[in-house]
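Chain by chain, the residues run as shown.
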2 protein chains.
Amino acid sequence: MAQFINAKENLVTEYIDGFLRASGGSRLARLDGYPNIKVVIRSDHQPSRVAVISGGGSGHEPAHAGLVGKGMLTAAVCGEVFASPSVDAVLAAIMAVTGNAGCVLIVKNYTGDRLNFGLAAERARALGKKVEVVVVGDDIAHPGLPQPRGVAGTLFVHKITGYLAERGASLASVAGTARKVAKATVSIGMSLTSCTLPGIGREDRVPLGKAELGLGIHGEPGVHLVDFAGAHGAAQMLSKMLFERVGRAARYALLLNNLGATTALEMGVLANELLTGPFGRKIKLIVGPAALMTSLDMHGVSVSLLPLTRDFERALTADVAPHAWPGARRPEKPATRKLPREIAVRAMKPSRNAALKEMTERACDILIASESALNRLDAKTGDGDTGSTIAGAARNLKAQLNRMPLADPGSFFGAVSGTLNQTMGGSSGVLLAILFAAAGRAAGEGKNWTLSLQAGLRRMMEYGGARPGDRTMIDALEPAIAELVAGNSIAAAARAARAGADATARMQQARAGRSAYVAAANLAGIPDPGAEAVASLFEGLNGQGPDR
Amino acid sequence: MAQFINAKENLVTEYIDGFLRASGGSRLARLDGYPNIKVVIRSDHQPSRVAVISGGGSGHEPAHAGLVGKGMLTAAVCGEVFASPSVDAVLAAIMAVTGNAGCVLIVKNYTGDRLNFGLAAERARALGKKVEVVVVGDDIAHPGLPQPRGVAGTLFVHKITGYLAERGASLASVAGTARKVAKATVSIGMSLTSCTLPGIGREDRVPLGKAELGLGIHGEPGVHLVDFAGAHGAAQMLSKMLFERVGRAARYALLLNNLGATTALEMGVLANELLTGPFGRKIKLIVGPAALMTSLDMHGVSVSLLPLTRDFERALTADVAPHAWPGARRPEKPATRKLPREIAVRAMKPSRNAALKEMTERACDILIASESALNRLDAKTGDGDTGSTIAGAARNLKAQLNRMPLADPGSFFGAVSGTLNQTMGGSSGVLLAILFAAAGRAAGEGKNWTLSLQAGLRRMMEYGGARPGDRTMIDALEPAIAELVAGNSIAAAARAARAGADATARMQQARAGRSAYVAAANLAGIPDPGAEAVASLFEGLNGQGPDR
């Protein structure tokens, strides 16, 4: 399983250095203790304030290095991937940032973390530091276990503790509140895959149609393997479990955590389900969806819940420096705006112009008559439907002629654009619709019809990106219109279109359009069907038969 | 391939609604045109300012809905996954947000986007709106192609355009600058997997040891399949390609984009490589690493480069409302702080205490003598190394006794803690180190040695989480120390320890420690090796032999 890493041994130190380099101006630093001591600290911490220190194994980014900064962590102690940092590393962090106000260690409830942070706390106390340890065990996956794991709900503790510390609260007050938050928070995770361990790989253990429920953040298997019933079912299951376990409150904060590789689309759908589900009204604040406490590239999510007090709410919604914190927002029903009235299809006001009607009908008939020939041509280099596509649009245009504003060229071109856009699929339909829309606008501005068509052609080339010589319908259309603009006859235009269409047969490589993907050898000697259609149209309007 | 979605048909609308619900207070709204018209707009846009509209197929989140807000996009037009939005959707967005100042459409260079946005622009112009279209084709994957794709470098255009519009620049100025940025930006992507199409799955097409270079953001295969040589090689290859193609400048902005499922660890390592590599010094600003223009859950990255002017720099570094924009930062060498001096191992000042030395040596000898018996016991429920672990620590402690501060109980306990932590692996070593560290601190505060040990035991229980009855060494240690604290004899302590150790054999389920993972049936009748070690120790100190 390839990954964008170098030696596994340097993975965490290289990550930290990259993170710090790319965080220029964020007032962060690290202790000079590589490789054993990997500690990121705020460089703007005031020792008169309680320091907030957290950490644990790496692989949970942005936790914890990404959470260091004003209003959140004072220091993050990073272990190797999924391995607790050493006592020395934690002690180094404590001694580096703890002033007279003391510090709070926020520790996720894993034996290794608890022990290493615990011993470091003992040592720091022996060295005269005031240290409080707060252990977070928010996971409700094992209902009977007296020692639940610490998972993403730890972010609630980080945020609220960081807020109080920043405001200058005492150590006792900060630690007391942190313990309250830790105790009140509940979390549960669900995943569809395990995670990829650097240098090792991924264990494919979740069968299709199943999901792991109650998984850990270190690749530990879920406690239950459940049937997976999409986002709706997942959101219902997770929120029901949480609301059955959480303490009663009038309102809650919900944290929706991406465990790694879940797409933003999925996270948005889950947010929608959670906020509109049976417990949705109880959610007063939502944090995320965001990747906060990940498990490498696990395709999964976790949901955490905290009963809110006014104090917690104030602490959660305060601004912080770390960009990884997505904010805590009050869920809102999506505000909607009425569609602009121009979008509603408006009835055209029909008007008459016998000459225009007659010529358009002739043009449509010519294109309808070309259907089979163009399909046969297209089959040699494409999927054989050019003739049918064009004929279908022509039939539709002919059928609508009586309802069109024929008396005004600008409106007429606009109406042609509308029918083409509705009935002619693929890029060609949109391209011709662009041509006629722009031609309609030019005509509306007073240009004559040939100049208007030329203006439309220019727009079409601009949007389509094709130029003469690129083996498209433009190779016939552009010279034909140029003849008309120069005041020459339909016959001259037809000759020009024919020369252009024939030339496409000698163009070895298409530079635009679908033929760009066809090998040159397959194109040799075959004219482009679009250009051929244009040539046939002009020849037909000039009285020449379709059967050359 | 399971995903956290419901019906594929509602994926994008459910995502948008979830995104909006979770973005409460962000002054966003959507047009009421589901399912065909999926447009997210700023509700605080002032029509006197140029509107900045972008969009395209979905699956690139946070682009584009996540980029709507003050200082960036005025509206995002969202198509289905990897499919251009319709002309009507784009027109609706234009008509909804465009005032007298006009609007700029930022379009990634794909035929579908170019055509649908183009025709919508034509229609809006016909309706009297001033519309400028800026097409972005920053991808340098196909060196010869006249129509490069638009990829993540489009974010540079969004940001700079949004900044100018927010400051009230004229339409001509905004569009002119947008075109300059679009023309100057170059991007290239590399991936190790394809992406998972909702409801379809993932094509596993990248062989192990290879990477796709020059891939698109819609699952299009890379232009080249290259040997993958880790983060260092990848960063070198990508930056070399970009710097060979980009215009000459004194300094550049670099955007490091996560295409979806790349871990934060990998992104940090890549940032480190790019910023310390041969072109690193030319990078004046870095945007990311962040997921900005993703390709669902693709495990890959793209790098974009923009030659900087002072104006571009000012625009890129300005604050914006959308949280998805990670800021543009000036790369910095990581600031380091010296390790606190307490971390350096300090030489102990040896001192003498014959009685303590003699008793400690006896204790060590007893534990060393128990090695085989404890190993045999441990083998029945664990991995058979408890005896060796304890004996090894005892041997080391005995060897260091002459260098220890024996005259002062507080320092002595602290020194014991230090040697245990260094030499005794596993949780037990850290737990005993915690016990002795806390005991040392209690002794230093004037407590006698039995009370100090009891204080240490309490700390150990706090951090380890085990209580009497949990089938650990505490079941022997706690009653033995209680006897000593009560002023009773070593003999009484030994009896209490033995009773506690024997009781562990009847405890059917371990609640803490490694045995918690062993089935009850396998534990029946076997005492816990740690508790047995404690009982043996006290019995030995009481003059009883090890061979009961």
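Scroll up to find the structure this text is about.
Below or above, wherever it landed, is the structure these notes cover. Since the model is a prediction, treat every value here as computed from it, not as a measurement. (Residues numbered from 1 in each chain as written. Chains lettered and ligands numbered in written order. Predicted model: local features only at pLDDT ≥ 70, side-chain atom pairs only at ≥ 80, totals over all residues. Heavy atoms only, no water.)

## Some thoughts on the overall build of chain A
Step number 1: In terms of regular secondary structure, chain A is built from 18 helices and 16 strands.
Step number 2: Radius of gyration (C-alpha) of chain A: 34 Å, far over the 24 Å computed for a compact globule of 548 residues.
Step number 3: When its C-alpha atoms are laid out on the principal axes, chain A stretches across 105 × 50 × 45 Å.
Step number 4: Counting only contacts in chain A whose residues sit at least 6 apart along the sequence, the fraction spanning at least 24 positions is 70%.
Step number 5: Approximately 20,900 Å² of chain A is accessible, and the part contributed by carbon and sulfur atoms is 51%.
Step number 6: The positive charge centre, built from 60 side chains, and the negative charge centre, built from 47, are 9 Å apart in chain A. (Helix = DSSP H or I, 4+ residues; strand = E, 2+ residues; numbered from the N terminus. Rg over C-alpha atoms; globule rule 2.2 N^0.38 Å. Contact = heavy atoms within 4.5 Å. Areas by Shrake-Rupley, 256 points an atom, 1.4 Å probe, with all protein chains shown as cover. Lys, Arg positive; Asp, Glu negative; His and termini not counted. Charge placed at Lys NZ, Arg CZ, Asp CG, Glu CD.)

## Observations concerning the packing of aromatic side chains
Residues and elements named next belong to chain A.
Step number 1: Going through the model one piece at a time under the given rule, you end up with twelve aromatic pairs over all chains.
Step number 2: Ring plane angle 80 degrees and centroid distance 5.1 Å describe the contact between Phe-243 and Tyr-252, whose orientation is recorded as edge-to-face. Each member of the pair, Phe-243 as well as Tyr-252, is classed as buried.
Step number 3: What links up through ring pairs into an aromatic cluster is the set Phe-243, Tyr-252 and Phe-279. (Phe/Tyr/Trp six-rings, centres within 6.5 Å; stacked < 30°, edge-to-face > 60°. Buried < 20%, exposed > 50% of the residue type's maximum accessible area, 1.4 Å probe, protein only.)

## What to know about the relation of the copies chain B and chain A
Step number 1: Once chain B has been moved 0.0 Å along the axis and rotated by 180 degrees, it coincides with chain A to within an RMSD of 0.1 Å. In short, the pair behaves as if placed about a two-fold rotation axis. Considering only C-alpha atoms, the residue of chain B closest to the rotation axis is Ala-261 of chain B, which sits at 2.3 Å. (Least-squares fit on C-alpha atoms with pLDDT ≥ 70 in both.)

## Brief notes about the pattern of salt bridges
Step number 1: Applying the stated criterion across every chain yields a total of 48 salt bridges over all chains.
Step number 2: Within the structure, one salt-bridge network assembled from shared partners comprises Glu-122 and Arg-125 of chain A together with Arg-441, Glu-445, Arg-459 and Glu-462 of chain B. (Salt bridge = Lys/Arg side-chain N within 4 Å of Asp/Glu carboxyl O.)

## Observations regarding the sheet that holds strand E10 (residues 210-213) of chain A
Residue and element names in this part refer to chain A.
Step number 1: In spatial order, the strands read E11-E10-E7-E14-E12-E13-E15; together these seven strands make up an open sheet with mixed pairing. Both edges of this open sheet fall to strand E11 (224-227) and strand E15 (328-329), since each of them pairs with a single strand only.
Step number 2: Two elements, strand E12 (residues 252-258) and strand E13 (residues 283-290), share five bridges in a ladder whose sense is parallel. Directly across from Leu-254, in E13, lies its bridge partner Ile-286. (Pairing = 2+ DSSP bridges.)

## As for the packing of helix H4 (residues 154-166) of chain B against helix H5 (residues 171-184) of chain B
For any two helices packed against each other, one specifies the inter-axial angle together with the distance between the axes.
All names here are of chain B.
Step number 1: Here H4 crosses H5 at 160 degrees, and the two axes come no closer than 9 Å. Between H4 and H5, the angle is such that the two are roughly antiparallel. As for the relative orientation of H4 and H5, their crossing is right-handed in sense. Residues Phe-156, Val-157, Ile-160, Thr-161, Leu-164 and Ala-165 of H4 form the contact with H5, whose own contacting residues are Ser-173, Val-174, Thr-177, Ala-178, Val-181 and Ala-182.
Step number 2: The residue inventory of the contact of H4 with H5, partitioned by class, reads nine nonpolar, three polar and no charged. (Axes fitted to C-alpha atoms, helices over the stretch in contact; angles between N-to-C directions. Parallel < 35°, antiparallel > 145°, perpendicular 65-115°, else oblique. Left-handed = near helix turned anticlockwise from the far one by under 90°. Nonpolar A, V, L, I, M, F, W, Y, C, P; charged D, E, K, R; others polar.)

## Concerning the nonpolar core
Step number 1: The biggest cluster of nonpolar side chains holds 99 residues, and the ones touching the most others in it are Met-190, Leu-256 and Leu-305 of chain A together with Leu-316 of chain B.
Step number 2: Here Leu-305 of chain A is in contact with Phe-156, Ala-184, Thr-185, Val-186, Leu-242, Phe-243, Val-246, Tyr-252, Ala-253, Leu-254 and Ile-283 of chain A, once residues within four sequence places are set aside.
Step number 3: By size, the runner-up hydrophobic cluster in this structure holds 98 residues, among which are Ala-76 and Ile-106 of chain A together with Met-190 and Ala-231 of chain B. (Core = buried A, V, L, I, M, F, W, Y, C linked by side-chain atoms within 4.5 Å.)

## Thoughts on the sheet that holds strand E11 (residues 224-227) of chain B
Note: strands within a sheet are paired through backbone hydrogen bonds, in either parallel or antiparallel orientation.
Residue and element names in this part refer to chain B.
Step number 1: Pairing in this open sheet of seven strands is mixed, and the strands run E11-E10-E7-E14-E12-E13-E15 from one edge to the other. The sheet terminates laterally at E11 and strand E15 (328-329), the two strands that pair on one side only.
Step number 2: The sheet contact formed by strand E12 (residues 252-258) and strand E14 (residues 300-307) spans seven bridges and is antiparallel. Within E14, the residue paired with Leu-255 across the bridge is Ser-304.
Step number 3: In the packing of helix H7 (residues 264-276) onto the sheet, the strands contacted are E12, strand E13 (283-290) and E14, and the crossing angle to E12 comes to about 160 degrees.
Step number 4: Contacting E12, E13, E14 and E15, helix H8 (residues 310-317) crosses the sheet at an angle of about 30 degrees to E13.

## Let's talk about the state of the cysteines
Step number 1: Counted by the stated rule, this structure contains zero disulfides over all chains.
Step number 2: No disulfide involves Cys-195 of chain A; its sulfur sits 18 Å from the nearest other cysteine sulfur, which is in Cys-78 of chain A. (Disulfide = S-S within 2.5 Å.)

## Points about the environment of Ala-184 of chain B
All names here are of chain B.
Step number 1: Within the secondary structure layout, Ala-184 lies in helix H5.
Step number 2: Owing to a relative accessible area of 24%, Ala-184 belongs among the partly exposed residues under this scheme.
Step number 3: For Ala-184 and Arg-245, which are 61 residues apart along the polypeptide, the C-alpha to C-alpha distance reads 9.9 Å.
Step number 4: Excluding residues within four positions of it along the chain, Ala-184 makes contact with Val-246, Leu-305, Leu-306 and Pro-307.

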